[in-house]
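Residue-level structural notes
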Amino acid sequence: MVSEEILKELALTLSEYDLIIEKLGREPNELELGLFGALWSEHCGYKHTKKLLRTIKSKSKYTLTEAGEENAGAINIGDNKAIVMKIESHNHPSAVEPYEGAATGVGGIVRDIFAMGARPIALLNSLRFSDLSNDRNMQIAKGVVQGISGYGNCLGIPNIGGECYFDESYENNPLVNAMCVGLVEADSILSAKAESPGDLLIIIGSETGRDGIHGASGLASQNFEETIELRSAVQVGNPFLEKLLIEACLEISQLDELVGMQDCGAAGITSAAIEMAERSNLGLRIDVSKVPVREKGMTPYEIMLSESQERMLIAVRNNEYKNIFNTLEKWDLKCEIIGEFIEGNDVEIYNQKEFLSKTPIKILTSPPEYDLNIISTGYAPNKKKITINKSYSSFNGNMIKDFTQRIFESDNIVSKKSIYNKYDHHVQTNTVVEPGSDASVLRIKNTDKMLAFSCDGNSRLCGVDPKLGAEINIAEACRNISVMGATPIGLTDGLNFGDPTKPKGAYELIETFNGFNHACEIFDTPIISGNASLFNQGHTSSINPTPIIGAMGIMNKNTNIPSKGFIVPGHKIGILAKNLWGTDLGLSGSEFQRIFDKELSGEISIDLEFEKVIQESIRKLIAENLIKSAHDISLGGFMTALVLSCEKNKLGAEIEKVVPENWAGALFGEDQSRIIFSYDVKNKNKISKILNKIHWSEIGTVTKKNIKFKNILIESDPMFLSYNKGFSRDI
Amino acid sequence: MKIGIVVFPGTWSESDTFYATKDILGFQTEYIWHKDQKLNNLDLVVLPGGFSYGDYLRTGAIASFSPIMEDVIKFANNGGPVIGICNGFQILCESKLLPGILIRNKNLSFICEWSNLLVNNQSKFTDEYQNKEVIKIPISHGEGNYQADRYTIDQLEDENRIIFRYCSNDGTVNEINNPNGSINNIAGITNKAGNVLGMMPHPEKASEKLIGGDDGLTIFKSIMKKVSDG
């Protein structure tokens, strides 16, 4: 009988262990227990999310893959070209060892993309840290950014955007979500499977070392109090080797004798090889003695479970490996035949002639699926009503000026330039809109298309209400794409949540999926791939539910993409919104509430049908080339969006409105479905015609300097200054 | 007329350069694998940017010993035009085709941004520019801080071999407009004979208005015109 301690190390429960015995009809040996620990981990097995994931909208007329079937999801963009994309998290490794954790997060997601035969054309990332005034948080933030920079820049893939957000909920538990986008000929997407018995299983790239053992089961799937101890479970990256792998793998992907490719990620060879066999409906025989190792004396257990980076597995038609080996040799890459796909449904593991294990693949890849509805039964979310401070409900000019300035000193609002300037965003020469806008834009060479990408998510709103927050995150992702003039056609998600075995965590997940499903139907945007990182909690409490959305939109190459900011004085300023000043609820979960009231409470709302209409409207205005700038009103509310629109070209604005008595909600509330734009007055009639019947109004004029309302003037220079000064401490 | 772009393991700007010289400018262009022994009838050799050999040991150090470099050095010493961009510049310094060295940026971080360059048009690579023209070309490097001993710097200045300097929008060369700490704001230099150019900014990334500007193309146009004029 196995000890509880061992089970804990593998993140298996006693009842899961009993289930293994029941299914196998015997006790697993030590190696097999390791396999189960890895494959039944949350990270590989999606025990708590699989049921929900099956409910998600993952298909549209553009999708080319079945969700969860391949390393990433693929979307057809026409001209026989497809986009492959996915988000992956590396939260726990980054908490333990920020530089390598973040670096290898980039490495892992890039391998998922080229495993499908796609050339990686963009990286984005969403980063969450706690307050920079704390030295440990500072060290984490700095390490993560340097890690992404150090690894990503080596690869020749532009890092075109994302977000960086600070909230104390991420204390001891930073989030590092990396997104990669690839481009591939639609008819030659590689699959991660073998074709027939006799196909060879070959490992390429790095030698297998003792690093990262129990990464999937330990780091990624447990509450990680005391996980600083788990530093040896974090892998060390070699971006140079990754670059060689990209080029070599894309070269061999053109060869007919290559039948499948798979990234060796979490749970190493175990997960990669066994999942390949499962997808192929074949059995598999592996000889661990054939795996090139870094040091002598590694046990079969260590070899099977190592998470050494920069390794790929390929399936090759029997005896036809000569060209493939020649190509790999050209790139100085090691490769070795380590096994063979066989008839049947078992994985057989040998160490030379010594038989170690024979286990049905189906059992290994079918962990229990927990029903979150049962776990969350009886959970009643603690909905705190928003308390509006009295001083916010009578007009107070000095307070408005003071608070506006302080908003522009928030690390969440200031320019993120000091981060994205550490990442190459020009390489591959496709970057039409660089990081720093609502979305970034790439042109696709040899086509008439451009694609817009964004990667972010508001977690405070999800903390207030996970369902509406999830809807808002998808709406905002699509809005970011739409204000560039592109039509959103595909999403990928990074789910970062707390403990799903607790009622609260389970509830948040269920509600998030409810929100996703509603929003995806309305916007007709499938979620084509994604990643779930659960058990995110520091030493005190769990993080706010943080569903990150990576979005892609498509537009014609001749689109006149509006600027993020105003262009010249004299242009008119318009707003698309139901109410310019939003509603009373706008402060709920807002940045204003975080900074000044230091709490998270209230009610949020979104009208998705209206959201859809304003997004279609803004795209129409852009397609007709009627507007010069467009910017989504989100974090920091109307005031922040207005100042940022001015900041771009150091201009001002005169708004022909009186700031109302409830100035805080009006200026800083974060009500959804609002877009600020500017235009030449001569286009006003055409704009009115297109926006006929839709809520919009002309609210003012672009000026040379300062923000002027009818009842208050706010100097713009100090805000521009603190915006451009950047973070409170130099990341 | 043919341009050759050398590809080392870890190079990543070869296809951007190819796109600029072949697809945009229409010059015949080919890749040269670093393990090749001979250059094949070329009129211009480009050592492109990237992280050759992971920049292990020192940037450009291992690449300078690649088999093809022997012939590149011979080609350069016979007056053949060579451009080293970013990592290529570092390789040229390691190969002693250019003096000096590129060390860590003064802020110790990688920098990617559009830089303004003040052009000296007294070279084969720049004579299609106006003299003292300010052009915009992106930089993307962690180790672009050009340093050399005083004697070498004086020589570069005296012989008018500093071809590009980091500057402001209006061409002011000063400390504020020096992104990486390079001595005298040096962004690009030539060898004594004027046939080898090393520069940290990436002209191949400034190849089309759609992606932010096409100021970089003139370098390739200038040198290829010189070649065709003989």
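As a convention, each chain's residues are numbered from 1 in the sequence order in which they are written. The lettering of chains begins at A and the numbering of ligands begins at 1, in the order of writing. At least 70 in pLDDT is required for a residue's local features to be given in this predicted model, at least 80 for side-chain atom pairs to be given and counted, and no such filter applies to totals for whole chains, interfaces and linings, which use all residues.

**Side note on the overall build of chain A**
Every helix listed is a DSSP run of H or I at least four residues long, and every strand listed is a run of E at least two residues long, numbered separately from the N terminus. For chain A, the helix and strand inventory stands at 26 helices and 25 strands. The C-alpha atoms of chain A give a radius of gyration of 26 Å, which matches the 27 Å a tight globule of 731 residues would have. For chain A, with 731 residues in total, the buried portion stands at 61%. Between the two quantities, the radius of gyration covers C-alpha atoms and the globule rule is 2.2 Å times the number of residues to the power 0.38. In this scheme the burial state of a residue depends on its C-beta neighbours within 10 Å: 20 or more other such atoms mean buried, 12 or fewer mean exposed, and anything in between means partly exposed; the C-beta positions come from the backbone.

**Remarks on the sheet that holds strand E23 (residues 696-703) of chain A**
Residues and elements named next belong to chain A. Strands qualify as paired when DSSP identifies two bridges or more between them. One open sheet holds the seven strands; their spatial order is E20-E22-E19-E23-E21-E24-E25, and the pairing between them is mixed. Looking at the sheet topology across the chains shown, the edges are occupied by strand E20 (629-632) and strand E25 (712-714). Taking the axes of each pair of neighbouring strands and ignoring which way they run, one obtains an average angle of 20 degrees across the sheet. As judged from the three bridges shared by strand E24 (residues 707-709) and E25, these two strands associate in the antiparallel manner. From the neighbouring strand, isoleucine 707 faces E25, where its bridge partner is isoleucine 714. Note on contacts: residues are paired as contacts if their backbone-placed C-beta atoms lie within 7 Å. The axes used here are C-alpha line fits, helices contributing only the stretch in contact, and every angle between their N-to-C directions lies in the interval 0 to 180 degrees. Packing against the sheet, helix H22 (residues 608-623) makes contact with strand E19 (572-576), E20 and strand E22 (675-679), and its axis sits at approximately 150 degrees to E19.

**Overview of the interface of chain A and chain B**
Contacts between the two partners involve 23 residues from chain A, matched on the other side by 21 residues from chain B. Those elements giving two or more residues to the side of chain A that touches chain B turn out to be helix H8 (135-155), helix H10 (239-252) and strand E13 (431-433) of chain A. A total of four residues in the side of chain A that touches chain B trace back to one element, the largest contributor, which is H10 of chain A. The nonpolar class holds Ala, Val, Leu, Ile, Met, Phe, Trp, Tyr, Cys and Pro. Asp, Glu, Lys and Arg form the charged class, and all remaining residues, Gly among them, are polar. Its residues assigned to classes, the side of chain A that touches chain B shows eight nonpolar, ten polar and five charged.

**A word on the environment of glutamate 278 of chain A**
All names here are of chain A. Within the secondary structure layout, glutamate 278 lies in helix H11 (residues 268-280). You can call glutamate 278 partly exposed: it has 19 C-beta atoms within 10 Å. Considering only alpha carbons, one finds glutamate 278 and isoleucine 361, 83 residues apart in sequence, at a separation of 6.6 Å. Aside from chain neighbours lying at most four places away, what touches glutamate 278 is Ile361 and Thr365.

**Some thoughts on the packing of helix H7 (residues 98-114) of chain A against H10 of chain A**
All names here are of chain A. Where H7 contacts H10, the two axes come as close as 10 Å, and the packing angle between them is 5 degrees. By the angle between their axes, H7 is roughly parallel relative to H10. Seen from H7, the contacting residues are Gly107, Val110 and Phe114; seen from H10, they are Pro239, Glu242, Ile246, Cys249 and Leu250. Angle categories are assigned with fixed cut-offs, so that under 35 degrees is roughly parallel, over 145 is roughly antiparallel, 65 to 115 is roughly perpendicular, and the rest are oblique.

**Things to note about the nonpolar core**
We call a set of buried Ala, Val, Leu, Ile, Met, Phe, Trp, Tyr and Cys residues a nonpolar core when their C-beta atoms link them within 7 Å. Counting 300 residues, the largest nonpolar core has Ile83, Ile202, Phe453 and Ile474 of chain A as the members making the most contacts within it. Considering each element in turn, this core owes the most residues, nine residues, to helix H20 (residues 503-523) of chain A.

**So, the packing of H8 of chain A against H10 of chain A**
Residue and element names in this part refer to chain A. Running from N to C, H8 and H10 cross one another at 30 degrees; their axes reach a closest spacing of 8 Å. The chirality of how H8 crosses H10 is right-handed. Together, Tyr151, Cys154 and Leu155 of H8 and Pro239, Phe240, Glu242, Lys243 and Ile246 of H10 make up the contact between the two elements. Looking at the contact of H8 with H10 residue by residue, the class counts come to six nonpolar, no polar and two charged. Helix crossings fall into two classes, left-handed where the near helix is turned counterclockwise from the far one by less than a right angle and right-handed where it is turned clockwise.

**Notes on the domain arrangement of chain A**
When the parts of a complex come together, some accessible area is lost, and that lost area is often used as the size of the interface. Just so you know, the domain bounds were taken from an automatic or database domain assignment. Once the domains are mapped, chain A shows domain 1 (1-40 + 190-367), domain 2 (49-188 + 415-555) and domain 3 (562-731). Here domain 1 of chain A and domain 3 of chain A have C-alpha centroids that lie 51 Å from each other.

**Focus on the confidence of the model for chain B**
Averaged over every residue, the pLDDT of chain B is 97; the share at 70 or more is 100%. Taken over the whole predicted complex, pTM reads 0.96, whereas the ipTM for its chain interfaces reads 0.97. pLDDT is defined as a per-residue confidence score from the predictor, taking values between 0 and 100.

**What about the environment of threonine 559 of chain A?**
All names here are of chain A. Relative to the assigned elements, threonine 559 resides in the loop between strand E18 (546-556) and E19. Residue threonine 559 is classed as partly exposed on the basis of its 19 C-beta neighbours within 10 Å. Expressed as a C-alpha distance, the spacing of threonine 559 and threonine 703, which sit 144 residues apart in the sequence, is 27 Å.

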